[in-house]
Amino acid sequence: MFRSIRQVLTLFSAEDRRRFLVVLFAMFVMGGMQMIGVGAILPFVSLLSDPSAIHEHAVLEFLFVTGGFTSAHTFLVFVGVALLVILVGSNVVTALTLWVVTRFAWSIQRRISERLLAGYLNQPYEQFLNRNSADIGKNILIESQQFTNGILMPLLKSLGFGLTATMIIGFLFWLQPLLAAVVCVVFVSAYFLVYLTVRRALLRIGRRRLAANTTRFQAVNEAFGSVKEVKVMRREPHFLASYNPAAQTYALTMANSQVLALIPRYFIEALAFAVVMGGMLYVLVAGGSVKDALPVASAFVVAGYRLLPALQNIYQGFAQWRFNQSVLDTLLTDLKATRNVSPRPKGQDLSPVEADRLKFQDVIQLKHMSYQYPRSDRPSLANISIEIRRNTFVALTGSTGAGKTTLADIVLGLLEPTSGQVLIDGVPLDATTRSAWQANLGYVPQDIYLTDSSIAGNIAYGLAPDQIDMVAVERAAKIANIHDFIVDKLPEGYRTSVGERGVRLSGGQRQRIGIARALYHDPAVIVLDEATSALDNETERRIVNELDSMRGGRTLIVIAHRLTTVQKCHEVFLLGDGKVVANGTYDELVAGNREFAQLAQTE
């Protein structure tokens, strides 16, 4: 338990710790008000049972005389009203304290989710290769909330109600030590024994909930991420079969955890009634009168009314904490893994236009460069040494698995070579220069991701509407040969919404928007990863010609299976088994390389 408390405290920033002191002060005030409310019962019940008690208690007599009361009845009404004000006031203080606690807890959740998102986004691209995106989204959106609901809020409530219970029990010891000791031992022992009984079960079902929640998210993400294929291939039953068992496990574990947290309350309430009745009988048997027993019994009844919910909240807090321990472990693991990840330098976190660019005036060099993916038993690239000159049109081609995309990812700064170097005009491409180099780049993947926003918003990807340069948007769209379609065919032009993942556009139109996106920032280097594969031959030829003609000092790197794309290239690199097996112009390779010539003949 103490280890878990230390884990939670590591999630607090210096500001959070200062705010926690305010929360702690509010908890002390809440506990004090609850204790005063219990103590105020004594004089009221004493007066009800014996009005002459006014003159037997110095405080009551002082208030009676100072207030100018003339009858015990009037004074009793005054004491009753005062008691009511105290009880209502204590409830108001409790409500305000819970408000402060809740705001504090959810501010922590917001900050944790922001830290997770920033950490995931800023970690190296390689880290995403073996991590399911649904799991990442689940941790940011759901598990951070589960941490707040299942660990932080229960912890804060346990602390607050623990202070309240301690103050009330302290008052009871002052009032009737032996009976208070019995009450304390019975109630605390009962809850403690119940917790010891269920703690292992709670930890076990908490781990099952976490695993089931991950499976749920993956099933939903995969189903709707490929909904067209699901509908055409009638695979709905498959995804339902993947989701339903996980959903059932999730629901069952959540229900079991809540039942285990609530059930003890009903048994202990009955036990509390028995203890209070036994206490009254003890006072009477010990020779006390009903008049003497009644105020004490009333104080214990009111104390029980306040104490039982406090103890139940403490027990529920520990039970929920145990159930959600796996959530805390998961979040801490990911936060620690991304703690040392450096965000983009200030000034390089908005767009390539606003960032400081690494100067590129001559050549990109790859020297004896090799790369091996994590968990792979063989390198994807081996001893690659090539040069790509500025203002040239080059192509990477070869069969599937030859290493084309891996090589492009290294040029893009997404992957770091296992050995060898990448040099930009002699400057090594590493962690210190990566962001400045990427400010020079435009990238068009094979599968274009479009957000559910406007055409202009997707071309000027990642910018707020008021930051979009419409002149640059239209220029890029014209080069990508989609401007006329946007203006003439779409009802709202560049303001037309494309739908989720661009569902309202054809595959070719999505890819043309992707090309326009790469051109928006006027990059020095453009990398196209089979970006024209979904286009017809004529449109592909036109885009390639336009990209070639508009280079104007730009470097164009194309990954292609279709060799019609590479006919105008200044140099073509033919890859095979992670090595450059040949290079030259298109005509040189057709004449001098049998594999390339065979590929050219098949088109």
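Calculation notes
Residues numbered from 1 in each chain as written. Predicted model: local features only at pLDDT ≥ 70, side-chain atom pairs only at ≥ 80, totals over all residues. Heavy atoms only, no water. UniProt positions renumbered as here; feature names shortened; annotations may be inferred. Helix = DSSP H or I, 4+ residues; strand = E, 2+ residues; numbered from the N terminus. Contact = heavy atoms within 4.5 Å. Polar contact = N/O pair within 3.5 Å; in protein donor to acceptor, adjacent residues only side chain to side chain. Axes fitted to C-alpha atoms, helices over the stretch in contact; angles between N-to-C directions. Parallel < 35°, antiparallel > 145°, perpendicular 65-115°, else oblique. Nonpolar A, V, L, I, M, F, W, Y, C, P; charged D, E, K, R; others polar. Phe/Tyr/Trp six-rings, centres within 6.5 Å; stacked < 30°, edge-to-face > 60°. Buried < 20%, exposed > 50% of the residue type's maximum accessible area, 1.4 Å probe, protein only. Lys NZ or Arg CZ within 6 Å of the ring centre and 35° of its normal. Pairing = 2+ DSSP bridges. Lys, Arg positive; Asp, Glu negative; His and termini not counted. Salt bridge = Lys/Arg side-chain N within 4 Å of Asp/Glu carboxyl O. Core = buried A, V, L, I, M, F, W, Y, C linked by side-chain atoms within 4.5 Å. Domains from an automatic or database assignment.

Trainee: Got a minute to help me understand the UniProt feature "transmembrane region" (unreviewed entry) in the protein in this structure?
Mentor: Annotation from UniProt places "transmembrane region" (unreviewed entry) at residues 20–42, 75–101, 155–174, 180–198 and 266–285. Across residues 155–174, helical content stands at 100% and strand content at 0%; the span's end C-alpha atoms are separated by 29 Å. Secondary structure across residues 180–198 divides into 100% helix and 0% strand, with the first and last C-alpha atoms of the span separated by 27 Å.

Trainee: Help me understand the environment of S158, please; the structure alone is not making it clear to me.
Mentor: Mapped onto the elements of the fold, S158 is located in helix α6 (residues 133–175). Taking the C-alpha atoms as reference points, S158 and A310, separated by 152 residues in sequence, lie 7.9 Å from one another. Among all residues touching S158, those that are not within four sequence positions of it are N313, I314, G317 and F318. At 2.7 Å, the side chain of S158 and the backbone oxygen of P154 are in polar contact.

Trainee: Looking at this structure, how should I read the packing of helix α7 (residues 177–225) against helix α11 (residues 325–339)?
Mentor: Between two packed helices, both the angle of their axes relative to each other and the distance between the axes serve to describe the pair. Remark: α7 packs on α11, axes separated minimally by 7 Å, with the N-to-C direction vectors making an angle of 55°. Overall, the two elements α7 and α11 adopt an arrangement that is oblique. Here L203, G206, R207, R209 and L210 of α7 come into contact with α11, specifically with Q325, S326, V327 and T330. Each residue belonging to the contact of α7 with α11 can be placed in one class, and the counts come to three nonpolar, four polar and two charged.

Trainee: Looking at this model, I keep getting lost on the packing of aromatic side chains. Mind explaining?
Mentor: The relative placement of two aromatic rings is captured by the distance of their centres and the angle of their planes. If you walk through the whole model with that rule in mind, you get 10 aromatic pairs. Measuring from ring centre to ring centre gives 6.1 Å for F20 and F104, while their planes differ by 40°; the resulting arrangement is tilted. With F20 in helix α2 (residues 14–39) and F104 in helix α5 (residues 72–122), the pair connects residues that are 84 residues apart, well separated along the chain. For F20, a relative accessible area of 19% corresponds to the buried category. For F104, a relative accessible area of 2% translates into the label buried. Within the aromatic cluster, the residues linked to one another by ring pairs are F12, F20 and F104. One cation-aromatic arrangement involves R216 over Y250; the distance from NZ or CZ to the ring centre is 3.9 Å. It is R517 that lies over the ring of Y461; its NZ or CZ is 4.1 Å from the centre.

Trainee: I would appreciate a short explanation of the environment of E416 in the present structure.
Mentor: Along the chain, E416 turns up in the loop between α12 (404–411) and β4 (419–424). The class for E416 is partly exposed, based on a relative accessible area of 48%. A sequence separation of 291 residues divides E416 from Y125, and the C-alpha atoms of the two residues are 9.5 Å apart. Setting aside residues no more than four positions away along its own chain, E416 makes contact with Y371 and R434. In terms of polar contacts, E416 uses its side chain to reach the side chain of R434, at 2.4 Å.

Trainee: Before we go on, may I ask you to explain the pairing of strand β10 (residues 579–584) in this structure?
Mentor: The two faces of the sheet receive side chains in turn, since in a regular strand these alternate between them. In terms of strand pairing, strand β9 (residues 571–576) meets β10 through five bridges, oriented antiparallel. Of the residues in β10, the one forming a bridge with F573 is N583. Counted between consecutive antiparallel strands, the loop separating β9 from β10 contains two residues, among which D577 sits at a positive phi close to 55°.

Trainee: Where do I start with the packing of α2 against helix α3 (residues 41–49) in this structure?
Mentor: As a packed pair, α2 and α3 sit with axes 5 Å apart at the nearest point and diverge in direction by 10°. Between α2 and α3, the angle is such that the two are roughly parallel. Where α2 abuts α3, its residues G37, V38 and G39 lie against I41, L42 and P43. Looking at the contact of α2 with α3 residue by residue, the classes come out as four nonpolar, two polar and no charged.

Trainee: Looking at this structure, how should I read the sheet that holds β10?
Mentor: Remark on secondary structure: sheet strands pair via backbone hydrogen bonds, oriented parallel or antiparallel. The six strands are arranged β6-β7-β8-β3-β9-β10 in an open sheet whose pairing can be described as mixed. With one partner strand each, in any of the chains shown, β6 (441–444) and β10 form the two edges of the open sheet. For this sheet, the mean inter-axis angle between neighbouring strands, taken without regard to orientation, is 15°.

Trainee: Please clarify how the sheet that holds β4 should be interpreted in this entry.
Mentor: The four strands lie next to each other as β2-β1-β4-β5, forming an open sheet whose pairing is antiparallel. Each edge of the open sheet is held by one strand with a lone partner, namely β2 (381–389) and β5 (427–428). Pairing analysis gives two bridges linking β4 to β5, with the strands arranged antiparallel. Residue I424 lies in a different strand from β5, and its bridge partner there is V427. Contacting β1 (363–371), β2 and β4, α12 crosses the sheet at an angle of about 125° to β1.

Trainee: What exactly am I supposed to notice about the side chain of R517 here?
Mentor: Position of R517 among the secondary structure elements: in helix α17 (residues 507–520). The buried charged residue R517 lacks any salt bridge partner; its closest oppositely charged side chain belongs to D452, at an N-O distance of 12 Å.

Trainee: I'm lost on the nonpolar core in this one. Help?
Mentor: Soluble globular proteins tend to pack their nonpolar side chains together in the buried interior. I455, I459 and V566 are the most contacted members of the largest nonpolar core, which has 46 residues in total. It is α17 that contributes the most residues to this core, six residues altogether. Two domains each put at least three residues into this core: domain 2 (352–440 + 526–532 + 556–602) and domain 3 (441–522). Residues in contact with I455, not counting those within four places in the same chain, are I486, L490, G493, Y494, T496, V498, L505 and I513. Counting residues in hydrophobic clusters, the runner-up holds 32 residues, among them L407, A408, I424 and A524.

Trainee: Help me out: how do you make sense of the pattern of salt bridges in this one?
Mentor: Pairs may arise between side chains of opposite charge once their charged atoms sit close together. In this structure the tally under the stated criterion is 10 salt bridges. In this structure, D362 and R389 form a salt bridge, with 2.9 Å as the shortest nitrogen-oxygen distance. Of the two residues, D362 sits in the loop between α11 and β1 while R389 sits in strand β2, which places them 27 residues apart along the sequence. Its relative accessible area of 37% is what places D362 among the partly exposed residues. With its nearest N and O atoms 3.3 Å apart, the salt bridge here joins E387 to R389.

Trainee: What exactly am I supposed to notice about unusual backbone geometry here?
Mentor: Trans peptide bonds make up the majority, and among non-glycine residues the majority have a negative phi. Of note in the backbone geometry, D425 takes a positive phi value of approximately 50° without being a glycine. Residue position: D425 is located in the loop between β4 and β5.

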